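Chain residues, written in single-letter form:
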Amino acid sequence: MTNPLWTLTLHGGAGGITRDVLTAEQDSAARRGLSAALAAGSQVLAADGTALDAVAAAVAVLEDDPPFNAGRGAVLTREGNISLDAAIMAGDRRAGAVAGVTATRNPVTLARAVMDEGTHVFLAGEGADAFSLVHGLEQAGEAWFVTPERRRQLAELQAAGAGAFDVDMKYGTVGAVARDVQGHVAAATSTGGVTGKRWGRIGDSPVIGAGTWADEGCAVSCTGSGETFLRIGVAHAIAARVRHLGEDAGTAAQAVLDEVVALGGTGGIIVVTLDGNTATRFSTKGMYRGHASSAAAPRVAIYGDE
Ligand code: GLY
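The shown structure was predicted, so the numbers you read here are calculated from the model rather than taken from an experiment.

Enquirer: Sorry, what's going on with the pairing of strand β10 (residues 278–282) here?
Expert: Successive side chains on a regular strand alternate, one facing one side of the sheet and the next facing the other. As judged from the five bridges shared by strand β9 (residues 267–273) and β10, these two strands associate in the antiparallel manner. Counted as the bridge partner of G268 is F282 from β10. Here β9 folds back onto β10, and the loop between the two strands holds four residues, one of which, G276, carries a positive phi near 90 degrees.

Laid out in structure tokens, this is it:
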């Protein structure tokens with residue numbers, strides 16, 4: 001079978017997502033959001049655009065969509081604020097990442113600006129917010145980012161008397177990987193982290209090689225227990241298996257996901273290899289996900305049996 005000319009795969013977070021957990025409205029809202037993100041990225045790729053532009057476009061749509069834990073609708077810190085992380089990387093090793101940002105409407109756009117500016121790879125906190133202003137990126141405030149549902153989740157955590165290190169380990173990180181018609185790959189990931197996080201906690205998503213990676217062999221984006229993904233360097237570990245062992249996307253993703261589980265973690269992974277083969281793997285009951293290509297109609301799914 002001929003590989004597709006272009007391909008786009010998304011995730012919107014993994015976790016204990018089952019039919020009895022989601023209401024019909026939540027199910028529909030998530031599917032609508034994933035479909036809109038697939039459409040945005042596919043439009044770029046179908047017009048011979050780059051994988052980099054496609055993953056940025058798809059992730060920006062998910063960032064703007066409240067059900068997902070990124071941008072608008074991101075989970076709240078222990079103090080009730082937002083603190084956003086994002087990264088983007090191209091197969092030619094250009095990369096940009098930001099952590100703990102508070103005022104850029106689309107953190108993936110800020111990560112892209114860091115990459116395009118070219119001096120640094122990873123900016124954090126006040127410096128990243130300042131870089132965003134200097135580069136004229138669209139700013140947003142609490143009224144945009146903070147939703148009643150995220151306030152309710154934080155209140156629930158606080159009412160439960162959560163201790164200093166207790167955080168709500170539900171993962172709704174978003175991400176995309178793509179291969180364009182020129183044969184280039186790219187990955188992007190964006191997240192609010194975990195509810196009730198404190199002390200400037202940063203997960204795997206913005207860490208190049210942990211939650212996000214692209215190289216001459218494949219592109220990877222992850223969602224899940226950031227502390228575990230960080231200690232394995234999941235995204236880079238998958239890419240190393242593809243490049244050095246010649247494994248296909250699914251074999252490499254499953255092998256590294258097994259390492260995550262063995263270390264007590266949980267989550268999901270999307271991968272695209274340079275030849276356009278893709279894999280979606282998760283250790284959880286469900287994962288918000290979607291796939292489209294030049295050869296296949298867009299498809300979104302949530303539950304493990306879909
Ligand atoms: N995987 C996202 C996070 O842990 O922040």
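Enquirer: Just to check I follow, could you spell out the nonpolar core for this structure?
Expert: If you look at soluble globular proteins, the nonpolar side chains tend to sit buried side by side. Ranked by internal contacts, the top residues of the largest apolar core, which has 55 residues, are I88, V98 and Y288. Counting residues per element, this core draws most heavily on helix α2 (residues 51–63), at nine residues.

Enquirer: I'm lost on unusual backbone geometry in this one. Help?
Expert: When glycine is set aside, most residues are seen to have a negative phi, and most peptide bonds are trans. Phi is positive for D48, which is not a glycine, with a value near 65 degrees. Mapping D48 onto the fold places it in the loop between α1 (24–46) and α2. A positive phi is found at W199, a non-glycine position, where the angle reads about 60 degrees. Mapped onto the fold, W199 is located in the loop between β6 (185–191) and β7 (212–214).

Enquirer: Sorry if this is basic, but what is going on with the pattern of salt bridges here?
Expert: Any two side chains of opposite charge can pair if their charged atoms end up close together. Scanning all chains against the criterion turns up 15 salt bridges. Between R93 and E216 there is a salt bridge, and its shortest N-O distance comes to 2.8 Å. With R93 in the loop between β2 (84–90) and β3 (95–101) and E216 in the loop between β7 and β8 (218–224), the pair connects residues that are 123 residues apart, well separated along the chain. On the basis of relative accessible area, R93 is assigned to the partly exposed category, the value being 36%. Judged by relative accessible area, E216 falls into the partly exposed class, the value being 42%. As a salt-bridge pair, E149 and R152 come within 2.8 Å of each other at their nearest N and O atoms. Of this pair, E149 and R152 both sit in helix α6 (residues 148–159), three residues apart, which is roughly one turn of the helix. For E149, a relative accessible area of 36% puts it in the partly exposed group. Overall, R152 belongs to the partly exposed group, its relative accessible area being 41%.

Rules used throughout
Residues numbered from 1 in each chain as written. Predicted model: local features only at pLDDT ≥ 70, side-chain atom pairs only at ≥ 80, totals over all residues. Heavy atoms only, no water. Pairing = 2+ DSSP bridges. Helix = DSSP H or I, 4+ residues; strand = E, 2+ residues; numbered from the N terminus. Core = buried A, V, L, I, M, F, W, Y, C linked by side-chain atoms within 4.5 Å. Buried < 20%, exposed > 50% of the residue type's maximum accessible area, 1.4 Å probe, protein only. Salt bridge = Lys/Arg side-chain N within 4 Å of Asp/Glu carboxyl O.

Nothing here speaks to function; it is all geometry.
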